[in-house]
Amino acid sequence: MRHTKLTALFLALLLALSLTLPASADVLWEPDNRFYENHQGDCEYHNRNYLANSPEGYVALRSAPNGTVTAQVENGQRLNVYFLYQDWGYVNTASTEGWAPLSDLALIYDYRSFEEEHGDEILPVDKVVTDPLFDAYLQTGKTTLVIWSYPNAEHFSHYYTGDQGLELLNALKEYGVFTYTDEEGHLWGYCSYLYGHRNFWVLLDDPSAGDGVPPAPEDIPNSEIGDRIVSVREIPEIPLVPARKPPLPPTATLLTTGLVIAAAALSAAALWLFYGKKWQGKPAL
């Protein structure tokens, strides 16, 4: 019970902090979907990543919950669920979108998963603790800022350097961050929203430390992202059902059948017009 109350308090503090941060011109993306438009008030913004993981080996995306199948994706494909309606999620991929039951999806561990596990270990903003760390790093002349989806993740999410990195570092110092100390004693800072960047963590002990994977030379000089100095957090493995190539959706099958029938009918009509009229003009033997 104590853990639940502290986690709820932490989430409430995150909301309060987000209201104090600078505004942005971000616009919330909404689907061009009739069901969503008709039930918008009952839909909850979600924006979390999943893997397709249906017992069938593929996930059917629909025009509405229990509606017509519009697309199918094989298990293992990464999907973003932007909105929830009861136990359905509105899925968006690079090539298609639609509604899918959450039971056919496997959640990818993220910042909210971390908060649910460690909410009672995350401390409120304390600039007395964090300001000296930001100052010490800025005094080195470095401007690289590496951001993570949660502390001790296997790979970092993004990095910023130059003027953009310096701007974000100064803003984090100004507005403050929540803090968490990992098992090895490294201090992390959390920010819910800053200049369009949402729900990210930074390693306060060294904001430039990377994940141990050297970046490609054309992306950034190796010297600007440091070596990994923290361990990798162990997270539950997702047991995936083997992928299976999906059949054509029923609507696509009907459409294909209709086109074949239409083509056959047009061919028969053309043959009759060409040959039928010829035979009509010939005398009987």
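Residues numbered from 1 in each chain as written. Predicted model: local features only at pLDDT ≥ 70, side-chain atom pairs only at ≥ 80, totals over all residues. Heavy atoms only, no water.

S.K.: I tried to follow the overall build of the protein on my own but got confused; where do I start?
M.R.: Scanning the protein for helices and strands turns up 6 helices and 12 strands. Looking at the protein residue by residue over its 285 residues, the buried ones come to 40%. Pairs at least 24 residues apart make up 66% of the contacts formed inside the protein by residues separated by at least 6 positions. Only carbon and sulfur atoms are counted for the fraction: they give 57% of the accessible area of the protein, which is about 16400 Å². (Helix = DSSP H or I, 4+ residues; strand = E, 2+ residues; numbered from the N terminus. Buried < 20%, exposed > 50% of the residue type's maximum accessible area, 1.4 Å probe, protein only. Contact = heavy atoms within 4.5 Å. Areas by Shrake-Rupley, 256 points an atom, 1.4 Å probe, with all protein chains shown as cover.)

S.K.: Quick question: what am I supposed to make of the packing of aromatic side chains here?
M.R.: Remark: the centre distance and the inter-plane angle together describe each pair of aromatic rings, the angle taken between the planes. Applying the stated rule across the entire model yields 16 aromatic pairs. Each ring, one from tyrosine 90 and one from tryptophan 99, has its centre 5.1 Å from the other, and the planes form 75°; the classification is edge-to-face. Tryptophan 99 matches tyrosine 90 in its accessibility class, with the two residues each being buried. When the centroid spacing of 6.1 Å and the interplanar angle of 75° are considered together, the rings of tryptophan 148 and phenylalanine 156 count as edge-to-face. By relative accessible area, which is 19% here, phenylalanine 156 ends up buried. Among the aromatic residues, ring-to-ring pairing joins Trp29, Phe35, Tyr82, Tyr85, Tyr90 and Trp99 into one connected group. (Phe/Tyr/Trp six-rings, centres within 6.5 Å; stacked < 30°, edge-to-face > 60°.)

S.K.: What exactly am I supposed to notice about the pairing of strand E2 (residues 58–62) here?
M.R.: Both faces of the sheet carry side chains from a regular strand, because those side chains alternate between them. Burial analysis of E2 places 4 of its 5 residues in the buried class, which makes it a mostly covered element. Alignment of E2 against strand E3 (residues 69–74), held across 5 bridges, turns out to be antiparallel. Directly across from leucine 61, in E3, lies its bridge partner alanine 71. Counted between consecutive antiparallel strands, the loop separating E2 from E3 contains 6 residues, among which asparagine 66 sits at a positive phi close to 65°. (Pairing = 2+ DSSP bridges.)

S.K.: Sorry if this is basic, but what is going on with helix H3 (residues 111–118) here?
M.R.: Three- or four-residue spacings in an α-helix give side chains the same orientation, since the helix completes a turn every 3.6 residues. Along H3, the residues that are buried comprise Tyr111, Ser113, Phe114, Glu115 and His118. For H3, the N-terminal capping position is held by aspartate 110, with its side-chain oxygen 3.2 Å away from the main-chain nitrogen of arginine 112. (Polar contact = N/O pair within 3.5 Å; in protein donor to acceptor, adjacent residues only side chain to side chain.)

S.K.: Honestly, the environment of tyrosine 85 in this entry has me stumped. Any pointers?
M.R.: With respect to the element layout, tyrosine 85 can be found in strand E4 (residues 78–85). The class of tyrosine 85 is buried, set by a relative accessible area of 14%. If we ignore the near neighbours within four places in the chain, the residues touching tyrosine 85 are Phe35, His39, Asp42, Cys43, Pro65 and Trp99. Within the structure, tyrosine 85 has its side chain in polar contact with the side chain of glutamine 86 (distance 3.5 Å).

S.K.: Looking at this structure, how should I read the nonpolar core?
M.R.: Nonpolar side chains tend toward joint burial in soluble globular proteins. Counting residues in hydrophobic clusters, the biggest one holds 18 residues, and the most contacted among them are Phe114, Ile122, Trp148, Tyr150, Tyr180, Trp188 and Trp201. Put simply, the parts of the chain that give this core at least two residues each are H3, strand E10 (178–181), strand E11 (187–194) and strand E12 (197–203). Sequence-distant contacts of tryptophan 188, that is, excluding residues within four places in its chain, are made with Trp148, Pro151, Asn152, Phe178, Thr179, Tyr180, Asp182, Trp201, Val202, Leu203, Leu204 and Val230. With 16 residues, the next largest nonpolar core counts Ile147, Tyr160, Leu187 and Phe200 among its residues. (Core = buried A, V, L, I, M, F, W, Y, C linked by side-chain atoms within 4.5 Å.)

S.K.: I would appreciate a short explanation of unusual backbone geometry in the present structure.
M.R.: Note: most residues except glycine have negative phi, and most peptide bonds are trans. In this structure, asparagine 47 is a non-glycine residue whose phi angle is positive, near 55°. Relative to the assigned elements, asparagine 47 resides in strand E1 (residues 44–52). Judged by relative accessible area, asparagine 47 falls into the partly exposed class, the value being 30%. Residue asparagine 199 is not a glycine yet carries a positive backbone phi of 50°. Looking at where asparagine 199 falls in the secondary structure, it is placed in strand E12.

S.K.: Where do I start with the sheet that holds E11 in this structure?
M.R.: Hydrogen bonds along the backbone pair up the strands of a sheet, which may run parallel or antiparallel. The 3 strands lie next to each other as E10-E11-E12, forming an open sheet whose pairing is antiparallel. Either end of the sheet is taken by a strand with one partner, and the two such strands are E10 and E12. This sheet shows a mean twist of 25° between the axes of neighbouring strands, independent of strand direction. Two elements, E11 and E12, share 6 bridges in a ladder whose sense is antiparallel. Across the sheet, residue tyrosine 190 finds its bridge partner in E12, namely tryptophan 201. (Axes fitted to C-alpha atoms, helices over the stretch in contact; angles between N-to-C directions.)

S.K.: I tried to follow helix H5 (residues 162–175) on my own but got confused; where do I start?
M.R.: Here H5 spans 20 Å end to end across 14 residues, near enough to the 20 Å set by a 1.5 Å rise per residue. If you check which residues of H5 are buried, you get Gly165, Leu168, Leu169, Ala171 and Leu172. Along the axis of H5, the buried positions cluster into a sector of 165°, meaning they face one direction only. Among the exposed residues of H5, those oriented more than 90 degrees off its buried face are Asp163 and Glu174. Residue glycine 176 follows H5 closely and has a positive phi angle near 85°. (Expected span 1.5 Å × (residues − 1). Arc of directions from axis to C-beta.)

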